[in-house]
Structures are given as structure tokens and as C-alpha cells.
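What follows is the residue order along each chain.
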Amino acid sequence: MDLNLSARVDTYIGDRLLGSDPMLEAVLAANQAAGLPPIDVSAAQGKFLNLMVSITRARRILEVGTLGGYSTIWMARALPEDGKLVTLEYSPHHAEVARSNIAGAGVGHLVDIRVGPAAETLPELAAGHSEPFDFIFIDADKPNNPTYLEWAIRLGRPGTVIILDNVIRDGQVIDTDNTDPRVIGTRAAFDMIASHPRLRATALQTVGAKGWDGFAIMVID
Ligand code: SAH
Ligand code: DHB
Ligand code: MG
């Protein structure tokens, strides 16, 4: 696989279908200036998340793993004016950068950032007994993915769509000898999804600006 070519194809997709987006380019520049790692979704993937929110007519979105809010903004842009996106972030620094980016993008009124380890903020959300989430994007620390999926099922409803990021990892996901906790966590998530009576799922591999990776896509029964 020529990843350099697939990155250029991502540029083509961006030029043809996404258009120039100074707001989102400013977000990536602000992230870099603040020292955040460049592990946001790609622009084409962000637009995919945006379209999925529209397709599912989601009004309430949950995100696990905010970073600088790049994926958050893509998803929030597809919400109706009375929609809500709750995003969970461990790092106070990342959350601060995200807060500024999200406000700058004009979607601050739609987004609620909760700072802390998601394994703590998810049970707090559940205790709040708010309406179920319609759409859930999980993109944080990979070893906790099985835990996050369990909470996603509890915080969703039949029909809720869950998307899990980074499930291919340059193909490392099929390496049973791999000792990287992110790979082990991803394999554990596949096992959990496969055996879960309420999840129907597939995974799609992606190439492009962010290399070879992929999303798992699930619906709760
Ligand atoms: N969704 C973002 C990228 C997220 S990167 C985008 O595409 O733009 C992963 C994020 O998860 C990082 O900001 C990291 O600080 C956060 N994270 C790591 N461990 C976490 C935890 N235990 N709870 C919540 N967030 C966590
Ligand atoms: C990593 C995490 C991500 O969410 C991502 O999109 C890419 C890489 C990582 O932890 O390496
Ligand atoms: Mg990711």
C-alpha cells in the first residue's frame, strides 16, 4: 500500500468534496501550537462522522476522547439547534484547548466538555439519568475500549449507533503476539463486540492522511 499516494488521494477528496475550511484548519493549528499530538481524525473521516450524525438524525451525541475538539466540531455541526454533544476528556490541558476551539467554531452552545478519566465521568453521566444518546464516538485510551463500550450500551438505546476509532492500527490488530496495550485493548473490544447479544457490528479499514486504520461501526439492538 502506497500510503503517500493515499494521503494525496485524501487531499483530492478534500479539495473535491470538503472544500476549504479555515475554521477547522485554525483548530489544527491551535492544537499544534498548544503541543497536542496530531491524532485527530482526518478531514474525510470528520466529514464521515458529520454525515453519520445527519443520517441517524442524532440529537444527543456522546464522545469519549476530545483532544482539541476537531472531531467534536465535525459532529456538532450536524446537530440541530436544540441538540447536545457531551465529550469526555482526561487532560485538563486538552480540554482547555478544545473549549477555545469549539467556541471559535461557533458550536460552544451545543457542546458540554467533562474533564476527568472517562471511567469516572461515564458512571456520573449514567447517574444523571438524562435522555439516552443517539450517536456515540469512542476515541480515547484504547485499553479501556471494552469498558467504554459497556457504558455506551447503557447510555444508548435500541438503534443508537456507536463508532469506535483506530481498530486496525496498520494491521497490527490481527497480531496475536503484539504486546502493545492499545492493540490488546482493540482485540479485547473486537471479542466483546463479537460476543455481545445487543451489538450488531462491522469494521471498515481506512487509508489516507492518517495512514492505515479503521472504524468499528455498531448498532445497539
Ligand atoms: N477524537 C479526537 C481525538 C482524540 S485523541 C479527534 O479526532 O479530534 C484521544 C484523547 O483521549 C486524548 O485527548 C486523550 O487525552 C484522551 N484520553 C486518554 N485517556 C483518557 C481517559 N482515561 N479518559 C478520557 N479521555 C482520555
Ligand atoms: C492514537 C490514538 C488515536 O485516537 C488516533 O486516532 C491515532 C493514534 C494513539 O494513541 O496512538
Ligand atoms: Mg482516534
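Our subject is the structure that appears above.
The present account deals with the structure reproduced in this document. None of these values were measured; they are calculated from a predicted model. (Residues numbered from 1 in each chain as written. Chains lettered and ligands numbered in written order. Predicted model: local features only at pLDDT ≥ 70, side-chain atom pairs only at ≥ 80, totals over all residues. Heavy atoms only, no water.)

## Things to note about helix α5 (residues 92-104)
Next, step 1: Compared with the 18 Å implied by 1.5 Å per residue over 13 residues, the 18 Å span of α5 between its first and last C-alpha is a close match.
Next, step 2: Inspection of α5 places His 94, Ala 95, Val 97, Ala 98, Asn 101 and Ile 102 among the buried residues, and these make up the whole buried set. Down the axis of α5, the sector holding all buried residues measures 165 degrees, keeping them to one side. Opposite its buried face, α5 presents the exposed residues Pro 92 and Ala 103, each directed more than 90 degrees away.
Next, step 3: Buried residues along α5 sit in contact with α2 (22-33), α4 (70-76), β2 (84-89) and β3 (111-115).
Next, step 4: Phi turns positive, to about 80 degrees, at Gly 106, one or two residues after α5. (Helix = DSSP H or I, 4+ residues; strand = E, 2+ residues; numbered from the N terminus. Expected span 1.5 Å × (residues − 1). Buried < 20%, exposed > 50% of the residue type's maximum accessible area, 1.4 Å probe, protein only. Arc of directions from axis to C-beta. Contact = heavy atoms within 4.5 Å.)

## Observations regarding the environment of Val 115
Next, step 1: Here Val 115 shows up in strand β3.
Next, step 2: Of the residues examined, Val 115 reaches a relative accessible area of 40% and is grouped as partly exposed.
Next, step 3: With 19 residues separating them in the primary sequence, Val 115 and Glu 96 have C-alpha atoms 9.5 Å apart.
Next, step 4: Setting aside chain neighbours within four positions, we find Val 115 in contact with Glu 89, Tyr 90, Ser 91, Pro 92, Ala 95, Arg 99 and Thr 121.

## A closer look at a nonpolar patch on the surface
Next, step 1: A grouping of Met 1, Leu 3, Val 207 and Trp 212 is seen on the molecular surface, where their side chains present a nonpolar patch of about 410 Å² in accessible area.
Next, step 2: Position of Val 207 among the secondary structure elements: in the loop between β6 (199-206) and β7 (213-220). (Patch = residues over 30% accessible without salt bridge, like charges linked within 9 Å, V, L, I, M, F, W, Y side chains within 5 Å. Areas by Shrake-Rupley, 256 points an atom, 1.4 Å probe, with all protein chains shown as cover. Salt bridge = Lys/Arg side-chain N within 4 Å of Asp/Glu carboxyl O.)

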